[in-house]
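Okay, here's what each chain looks like letter by letter:
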Amino acid sequence: MSKKEIHDNLMIVEKKIQIACRKAERAPEEVQLIAVSKTMPVSVLLEAYECGCRHFGENKVQELVEKYEQMPKDIKWHMIGHLQRNKVKYIIDKVALIHSVDSLKLAEEISKEAVKKNVIAHILIEVNIAQEETKFGVAKDEAAALIESIAKLPSIKVEGLMTIAPYVENPEENRRYFAGLRQLSVDIMEKNNDNVNMNVLSMGMTGDYEVAVEEGATYARVGTGIFGSRHYNG
Ligand SMILES: *Cc1c(COP(=O)(O)O)cnc(C)c1O
């Protein structure tokens, strides 16, 4: 993918986000696009950077750390993939936001490492809103209790919710899930926990980000729509 293609793709995605915002009577500034750069080489990330991207999403710890070392330092890195407890220490002082917290044990490890490194860890709770068996994420009914426990831990701050919606042909099928995540965030906000914000909704990928933005997404995580399809080795 050439820099021009990445540039053109970014323009298209940003435009579609604007249109979705207008439709939902939202301010476009409320929505931040995350360029999901997993599997892409640093050279390609640099092209996106030169096109103005400052938010990058990665789903593997080692890949995130390698890219972090090589890329400019004004980037906000988003950990969007399943996170193993023993790897928290490698990213705790490198990421702006961890999107994929779905257990108290993981949150405890994040809190412990954040205290050690003297940082505040900003996290989202991943919710398995469509109750898919194959997906990570806490069940919708268990999210509030999990958040209440996490809120008591030091050096960790819950900023909102994240979900990965089912793969569907027609993005309209996911509208109810995005609306459901938003409603859940409203319900949790009403509980008024210290250390809990519900300002962030991370939802929507290449296939469904417009619907997600219409339903309140504040981060859209788009990979293929910017970088083209991914080629996995092995
Ligand atoms: C890969 C990935 C994305 C981006 O997927 P695309 O369909 O390529 O836009 C978004 N969120 C998560 C958690 C991912 O793993």
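That block above? That's the structure.
Attention in this report is confined to the structure presented alongside it. Numbering of residues starts from 1 in every chain and runs along the sequence as written. Reporting in this predicted model follows two pLDDT cut-offs: at least 70 for local features of residues, and 80 or more for side-chain atom pairs to be given and counted; totals over whole chains, interfaces and linings ignore these cut-offs and use all residues. The basis for every side-chain value is the complete set of heavy atoms in the structure, and neither hydrogens nor water enter the calculation.

Quick look at the site of the ligand
Then, in step 1: For this purpose, a residue is taken to be near a molecule or strand whenever a single non-hydrogen atom of the residue falls within 4 Å of it. Near the ligand you find Val36, Lys38, Ile80, Ile164, Met205, Thr206, Arg221, Val222, Gly223, Thr224 and Arg230, and these make up its full shell.
Then, in step 2: Polar contact criterion, stated in full: a pair of N or O atoms within 3.5 Å, where within protein one must be able to donate a hydrogen and the other to accept it, and residues adjacent in sequence count only if both atoms are side-chain atoms. A distance of 2.8 Å is found between a nitrogen atom of the ligand and a side-chain nitrogen or oxygen belonging to Arg221.
Then, in step 3: Three residue categories are used. Nonpolar comprises Ala, Val, Leu, Ile, Met, Phe, Trp, Tyr, Cys and Pro, charged comprises Asp, Glu, Lys and Arg, and polar comprises the others, including Gly. Partitioned by chemical class, the residues of the shell around the ligand number 5 nonpolar, 3 polar and 3 charged.

Considerations on helix H2 (residues 42–50)
Then, in step 1: When accessible area is computed with a 1.4 Å probe and restricted to protein chains, residues below 20% of their type maximum are described as buried, those above 50% as exposed, and intermediate ones as partly exposed. Strands are runs of DSSP state E lasting at least 2 residues, helices are runs of H or I lasting at least 4, and numbering of each runs from the N terminus. Taken together, the buried positions of H2 are Val42, Val44, Leu45, Ala48 and Tyr49. Seen end-on, H2 carries its buried residues on one side only, within an arc spanning 160°. The directions considered for the arc are those from the helix axis to the C-beta atoms.

So, the nonpolar core
Then, in step 1: In this text, buried Ala, Val, Leu, Ile, Met, Phe, Trp, Tyr and Cys residues form a nonpolar core when linked through side-chain atoms within 4.5 Å. Counting 71 residues, the largest nonpolar core has Phe56, Ile110, Ile125, Ile150 and Leu161 as the members making the most contacts within it.
Then, in step 2: Of the residues forming this core, the biggest block, 6 residues, is contributed by helix H1 (residues 3–23).
Then, in step 3: The contact rule is simple, with two residues in contact once any of their heavy atoms fall within 4.5 Å. In this structure Ile125 touches His99, Val101, Val138, Leu146, Ile147, Ile150, Val158, Gly160, Leu161 and Met162, once residues within four positions along its chain are discounted.
Then, in step 4: If you look at the next biggest cluster of nonpolar residues, it comprises 8 residues, including Ile34, Ile80, Leu124 and Met162.

Some details on the packing of aromatic side chains
Then, in step 1: Note on aromatic contacts: the rings of Phe and Tyr and the six-membered ring of Trp form a pair at centre separations within 6.5 Å, being stacked when their planes are under 30 degrees apart, edge-to-face when over 60 apart, and tilted otherwise. The full count for this structure, using the stated rule, is 1 aromatic pair.
Then, in step 2: Here Phe56 and Trp77 contribute two aromatic rings whose centre-to-centre distance is 5.7 Å and whose plane-to-plane angle is 35°, an arrangement assigned as tilted. Of the two residues, Phe56 is situated in strand E2 (residues 55–58) and Trp77 in strand E3 (residues 76–79); the sequence distance between them amounts to 21 residues. Here Phe56 and Trp77 have matching classes, each one buried.
Then, in step 3: Charges are assigned to positions over rings by a cutoff of 6 Å between ring centre and Lys NZ or Arg CZ, combined with an angular limit of 35 degrees from the ring normal. The ring of Tyr68 carries the charged tip of Lys94 above its face, separated from the ring centre by 5.7 Å.

Quick notes on the pairing of strand E5 (residues 121–126)
Then, in step 1: Within E5, 5 of the 6 residues are buried, which leaves the element mostly enclosed by the surrounding structure.
Then, in step 2: Seen with its strands pointing away from the viewer, a crossover is right-handed if its path from the first strand over the helix to the second goes clockwise. Remark: the strand E4 (residues 97–101)/helix H5 (residues 104–117)/E5 crossover connection has right-handed handedness.
Then, in step 3: Strands qualify as paired when DSSP identifies two bridges or more between them. Bridge analysis of E5 against strand E6 (residues 156–162) gives 6 bridges, and the strand direction is parallel. Across the sheet, the residue bridging to Ile123 is Val158, located in E6.
Then, in step 4: Tracing the backbone out of E5, into helix H6 (residues 143–150) and back to the parallel element E6 gives a crossover that is right-handed.

Some points on the side chain of His99
Then, in step 1: Tracing the chain through its elements places His99 in strand E4.
Then, in step 2: Only 2.9 Å separates the side chain of His99 from the side chain of Ser202, close enough to count as a polar contact.
Then, in step 3: Leave out the neighbours within four places in its chain, and His99 touches Ile34, His78, Met79, Ile80, Leu124, Ile125, Glu126, Met162, Ser202, Tyr219 and Arg221.

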